[in-house]
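Close look at the chain arrangement
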Amino acid sequence: MSLDDHELEAVCARVYNDWLIDYCSAAPERLIGIAMLSMYDIDGAVNELERCAKPACALVIWQVPPPELPFSSSHYDKFWATSQDLEMPVNLHI
């Protein structure tokens, strides 16, 4: 997901994750969720990652970041460290 309105993108991800958490809670032993994160605001992404870590089994982020935020930039350092600490696999949406 990548919207021009960064705040709307983050809200959409939270709404989807709320739905996912609720949906998977019906049968957590058999329903496995992959949370979606907006990556523009890394602190917000980390907060959402931590909120979704227990009910979700993995994360999905954008496949191609905007040119000003390449995956090699330090912008993502806190996110990579937190996903590693929580042992959350990160998937790229293709």
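This text gives an overview of the structure that appears in the document.

Cut-offs used in this document
- Residues numbered from 1 in each chain as written.
- Predicted model: local features only at pLDDT ≥ 70, side-chain atom pairs only at ≥ 80, totals over all residues.
- Heavy atoms only, no water.
- Buried < 20%, exposed > 50% of the residue type's maximum accessible area, 1.4 Å probe, protein only.
- Helix = DSSP H or I, 4+ residues; strand = E, 2+ residues; numbered from the N terminus.
- Arc of directions from axis to C-beta.
- Contact = heavy atoms within 4.5 Å.
- Core = buried A, V, L, I, M, F, W, Y, C linked by side-chain atoms within 4.5 Å.
- Phe/Tyr/Trp six-rings, centres within 6.5 Å; stacked < 30°, edge-to-face > 60°.

**Section: helix 3 (residues 77–85)**
Residues of helix 3 that are buried: Phe79, Thr82 and Ser83. Down the axis of helix 3, the buried side of the element spans an arc of 100 degrees, and every buried residue falls inside it. Facing away from the buried side of helix 3, by more than 90 degrees, are the exposed residues Gln84 and Asp85. Each element contacted by the buried residues of helix 3 is listed here: helix 2 (42–52), strand 2 (56–61) and strand 3 (90–92).

**Examining the nonpolar core**
Within the largest apolar cluster, 18 residues are counted, with the highest numbers of intra-cluster contacts made by Leu37, Met39, Ile42, Leu59 and Phe79. Of all elements in the fold, only helix 2 and strand 2 reach the threshold of two or more residues within this core. Aside from chain neighbours lying at most four places away, what touches Met39 is Glu9, Ala45, Ile61, Trp62, His75, Tyr76 and Phe79.

**Some thoughts on the packing of aromatic side chains**
Counted according to the given criterion, the structure contains 7 aromatic pairs. Here the aromatic rings of Tyr16 and Trp19 are separated by 6.0 Å at their centres, their planes lie at 35 degrees, and the arrangement is tilted. Here Trp19 and Tyr16 lie together in helix 1 (residues 6–24), a separation of 3 residues that amounts to about one turn. Owing to a relative accessible area of 29%, Tyr16 belongs among the partly exposed residues under this scheme. Judged by its relative accessible area of 47%, Trp19 is partly exposed. Among the aromatic side chains, those forming a connected cluster through ring pairs are Phe71, Tyr76, Phe79 and Trp80.

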